[in-house]
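Per-entry structural report
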Amino acid sequence: MSNQAIKINETDNVAVALCDLEQGEIHWGVTLSDKIPNGHKFAVSDIPAGGKIIKCGNPVASAKTDIPAGAHVHTHNAATCLAGNFEYNYTPTEYTANETASRTVNVYIRENGEIGIRNELWIIPVTGCVNGQAELILKTFKNRFGTQGFDGAFAFTHPYGNAQIASDRERTRKVLQKIVRHPNAGGVLVLGLGDVNDFRVTLGAVNYERVKFLDCREVEDEIETGVRLIEKITEKMKRDRREAADISCLKIGLKCGNSDKLSGITANPLTGRFADYITSAGGTAAFCEIPETFGAEQLIMNRAKDSETFEKIQSLVNSYKDCFRENGRAVYENPSPEHIAEGVTTIEEKAVACLQKSGNSPVQDVVSEKEFITKNGLNLLSGPDDDMCAVTNLAASGCHMILFTTGRGNPFGGIVPTLKISSSHQLAAKKSNWIDFDAGAVLDTDYETQLEKLIGLVTAVAGGKLVKNEINNARGISISNIAGSF
């Protein structure tokens, strides 16, 4: 690595400019025959016409012409390798986990043995029709009693519920039920309008001292009734105390969004190293964004722990592709003009950069939107590439916090701490009120140094340190609304 150009993997035949490079300069042992814009690629060896262009250790394009060493590599001389239907074959990837030292986190251990990293009160409307009541109950309670003795109180309002078609309404119910059972919530008030009983019957096992239900139609004053119920819940919550546990108890969600030219060089690879760390320690990591894998889906399939898991991944990917086709959307869309301007040549290149945040460990399980994560190690979760929907899916499935990498910034957060990792010093400085960790420091030091710092931050957040979305109260939920296609 240098401060001017980087070859990300030793097997790559291209390097990436970290600043504007001039014709005639020498980088990675070759003399540049072209001016190379910041973020763009140049060949570090001769690439014949039809040859594969390798970046991040994987093919990301095919050479349209002979590309000599030192030449600019982009859309004028490189193209996608994808065309038509793709046949998938299971070729397992070898992986050896690194030994990791045991670390301790201070967490809440729930009665059922699950752990939470927050002890919060949540109000969950079953339907958006009672959003106003949820917010007024919360406001009245906080004004009257405050939130001392636990980690805060929040109403997660949403526009879903009664007006949805049956399949979408079922998805909404399942996701909300998973949220109610999340161990970061020390207590929950479920609020509804004629639909609470059905929600409770299919909810599953909960502690009814900590989870209360209120049908606003059944009482004369739902605000006062809601406040009284919350008062009872929080009396129980105030007895909760953090306890020491091994870091392997954590479930960490992985997400990227609003990427830039450095995301695949700094933030995503660093997060991938964390994913390998936490899974090697016996913990759990999960990622979704299935459409973002298009173009590199064979890579993640080859990381399946066995042929059965491979078949699950293949089925999941194909279900998304089928839905794209049924709705007239191209499966392998070209990168956006914005990404192309920054040096991303093909959809494969974008997908490979996205997958880096998942690390290299084997995929242990494939989890639907209606299920909880139950297996330690790396999990692939069904979910779209929309930022809020993906974060909601990860959190609802049991993740205690989300590591969200970004190149352009995004202030939102989910129901769990959503730790924002910037790809550059520039973004970290410009949006210091959004960004929790500056992965641009990888270019100043190395991945190992920054990984240790990231592990330290995750440990602190698990122990109660607030991230920026929590400080700013930028919290919310969003549920995919796609007529049951997935």
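Note: the structure precedes this text.
Just so we're clear, the structure is a prediction, and the values are computed from it rather than from any experiment.

1. Overview of the overall build of the protein chain
Each helix and strand in the protein chain was counted, giving 13 helices and 23 strands. Computed over C-alpha atoms, the radius of gyration of the protein chain comes to 24 Å, within 12% of the 23 Å expected from 2.2 N^0.38 for 486 residues, which places it in the range of a compact globule. Overall, the protein chain is about 80 × 45 × 40 Å in size when its C-alpha atoms are taken along their principal axes. Within the protein chain, residue pairs in contact and separated by at least 24 positions form 70% of the contacts whose partners lie at least 6 positions apart. Averaging the coordinates of the 51 positive side-chain charges in the protein chain and doing the same for the 60 negative ones gives two points 5 Å apart.

2. Describing the packing of helix α5 (residues 267–280) against helix α12 (residues 447–462)
Where α5 meets α12, the closest approach of the two axes is 10 Å, and the angle between their N-to-C directions is 65 degrees. In this structure, the crossing between α5 and α12 has a hand that is right-handed. Touching P269, L270, R273, F274 and Y277 of α5 are Y447, Q450, L451, L454, I455 and V458, all from α12. When grouped by side-chain class, the residues that make up the contact of α5 with α12 number nine nonpolar, one polar and one charged.

3. What about the pattern of salt bridges?
If you walk through the whole model with that rule in mind, you get 23 salt bridges. What you see here is one network of salt bridges that share partners, running through R110, E111, R210 and D240.

4. Some remarks on the sheet that holds strand β23 (residues 437–438)
Spatial ordering of the open sheet is given by β19-β20-β18-β17-β21-β22-β23, a layout of seven strands whose pairing is parallel. Because the sheet does not close on itself, it has two edges, and the strands there are β19 (363–367) and β23. Across five bridges, the pairing between strand β21 (residues 401–406) and strand β22 (residues 418–422) is parallel. Bridge pairing links L403 to L419 in β22. Set on the sheet, helix α7 (residues 307–326) makes contact with β19 and β20 (377–381); between it and β19 the angle comes to about 40 degrees.

5. Quick word on the sheet that holds strand β16 (residues 243–246)
Strand order in the open sheet made by the three strands is β11-β10-β16, with antiparallel pairing throughout. Of all strands in the sheet, those with a lone pairing partner are β11 (115–116) and β16, marking the two edges. Direction of pairing for strand β10 (residues 104–109) relative to β16: antiparallel, over a ladder of four bridges. For V107, the partnering residue across the bridge sits in β16 and is E243.

6. Overview of the side chain of R303
Here R303 is to be found in the loop between α6 (297–301) and α7. Of the polar contacts made by the side chain of R303, one reaches the side chain of S358; its length is 2.9 Å. Residues within four places of R303 in sequence aside, it is in contact with T93, L355, S358, G359, N360, S361, P362, V363 and L378.

The rules behind each value
Residues numbered from 1 in each chain as written. Predicted model: local features only at pLDDT ≥ 70, side-chain atom pairs only at ≥ 80, totals over all residues. Heavy atoms only, no water. Helix = DSSP H or I, 4+ residues; strand = E, 2+ residues; numbered from the N terminus. Rg over C-alpha atoms; globule rule 2.2 N^0.38 Å. Contact = heavy atoms within 4.5 Å. Lys, Arg positive; Asp, Glu negative; His and termini not counted. Charge placed at Lys NZ, Arg CZ, Asp CG, Glu CD. Axes fitted to C-alpha atoms, helices over the stretch in contact; angles between N-to-C directions. Left-handed = near helix turned anticlockwise from the far one by under 90°. Nonpolar A, V, L, I, M, F, W, Y, C, P; charged D, E, K, R; others polar. Salt bridge = Lys/Arg side-chain N within 4 Å of Asp/Glu carboxyl O. Pairing = 2+ DSSP bridges. Polar contact = N/O pair within 3.5 Å; in protein donor to acceptor, adjacent residues only side chain to side chain.

Any link to function would need more than the numbers given here.
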